[in-house]
Each structure stands twice: as C-alpha cells, then as structure tokens.
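Given next are the chains, with one letter for each unit.
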Amino acid sequence: MVEIRTGEELANFLRKALEIEAAFESVSQWEGYINVKKDEFRDVIFELISESEKHRTLVESMISKVKISPGSAALPLQPHAFNFKNKTEFEIMMDLSRYEKLAYDTYLNIKEALKHSSLDNIISAEDVPFFFSTLELLIREESEHSAHIASYVGNVERIR
C-alpha cells in the first residue's frame, strides 16, 4: 500500500488531481460540449463542467492546508489536445467517461494512501476530517459522473 511521507508529496498528488480536473476533464468536457449535437448531451456535459469547477476549488482548498516548504512545486502533466471532430456522441461520451474514471481513481488512491500515512507532518490534526470528507465527496461525485454518463451512452445512436 502507498504511504504519503511528506507534505510536498501530498501537495504534488493534489496538484496532479487539480490538473486532471482543469486540463483533462474541463478541457475535454468543453470540447465535447462543442461537438455533441443533442441538447440532452450538452446539458449533461454542462453539469459535468460545473462540477469540475467545484472540484477544482475543493482541491485548491486542500492544497492550501498541506504542510509544505515555501516554493515547492510539482512538474506539470503533459498538455493534451482533445479533438472530437468526426466522433460520434457515443465516442465523445466514452472519452469523457475515461477522464471521470481517472479523477475517481486519483482521489481514491490519495485517500487510501492518507489512511496508511503518518499525517502529523503532512496536515494539521484539525484539517484531517476536512481532507477525508472532501476526498469522500470527490470520490462519490466522480463515481456519480461516470454513472450519469453511462446512463446516457445507452441513448446514443450511431449514425454514419
């Protein structure tokens, strides 16, 4: 099992989660929003975009509470360009679902690692409940996003 040993390590994991929200989920969702044709899919995607913004705020709040040395920073993830042109709505929704699953896995792994870590030098004792409740919320909502997308994927017709 993974153990988080320092505040810098936790902050780096959270920064990666933030990048997944901002650079993968949000960017892919906007690209999907532009390329789907049915209003019902746009409505679902817009809801996901809104949730991603909320998640970014929550993750930023967690990062601000981590005990880190001044000036520490993580290497950014490689930028990814999304191009959904000529993809069916099914393919677009499946791509969006993959990024929801990536965020879900990231939050779940951070939470599990924190359970097996000595938190004294990582976060203040009074912030521990906030971290676990926030991670639980993020995990639950990412799971709900995947389920929500899956419920619409069955409604997509392939037209070629």
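These numbers come from a predicted model, not from an experiment.

Cut-offs applied
Residues numbered from 1 in each chain as written. Predicted model: local features only at pLDDT ≥ 70, side-chain atom pairs only at ≥ 80, totals over all residues. Heavy atoms only, no water. Phe/Tyr/Trp six-rings, centres within 6.5 Å; stacked < 30°, edge-to-face > 60°. Lys NZ or Arg CZ within 6 Å of the ring centre and 35° of its normal. Core = buried A, V, L, I, M, F, W, Y, C linked by side-chain atoms within 4.5 Å. Buried < 20%, exposed > 50% of the residue type's maximum accessible area, 1.4 Å probe, protein only. Helix = DSSP H or I, 4+ residues; strand = E, 2+ residues; numbered from the N terminus. Contact = heavy atoms within 4.5 Å. Axes fitted to C-alpha atoms, helices over the stretch in contact; angles between N-to-C directions. Parallel < 35°, antiparallel > 145°, perpendicular 65-115°, else oblique. Left-handed = near helix turned anticlockwise from the far one by under 90°. Nonpolar A, V, L, I, M, F, W, Y, C, P; charged D, E, K, R; others polar.

Caption draft 1: Expanded view of the packing of aromatic side chains. Under the definition given, this model contains five aromatic pairs. Above the face of the Y33 ring, R42 is positioned so that its terminal group lies 5.8 Å from the ring centre. The lysine or arginine in question, K65, covers the ring of F130, its NZ or CZ lying 5.4 Å from the ring centre.

Caption draft 2: Just the nonpolar core, in detail. Residues L10, L14, V59, Y107, L114 and F131 are the most contacted members of the largest nonpolar core, which totals 24 residues. Counting residues per element, the ones that place at least two in this core are α1 (7-35), α2 (39-64), α3 (89-115) and α4 (128-153). A total of six residues in this core trace back to one element, the largest contributor, which is α1. Those residues in contact with L114 that lie beyond four places of it in its chain are I4, L10, L119, F131, F132 and L135. Grouped together as the second largest cluster of nonpolar side chains are 15 residues, V36, I45, F82 and I149 included.

Caption draft 3: Representation of the environment of M1. Checked against the element boundaries, M1 lands in the segment before α1. In this structure, M1 is in contact with E112 and H116, ignoring residues within four places of it in sequence.

Caption draft 4: Spatial organisation of the packing of α1 against α3. At a closest axis distance of 10 Å, the pairing of α1 and α3 adopts a crossing angle of 165°. As summarised for this structure, α1 and α3 are arranged roughly antiparallel, according to the angle between their axes. Handedness of the crossing formed by α1 with α3: left-handed. From α1, L10, F13, L14, A17, I20, E21, F24, E25, S28, Q29, G32 and N35 reach across to α3, where they touch I92, L96, Y99, E100, L102, A103, T106, Y107, I110 and L114. Of the residues contributing to the contact of α1 with α3, the split by class is 14 nonpolar, five polar and three charged.

Spatial relationships are all this shows, so hold off on functional conclusions.
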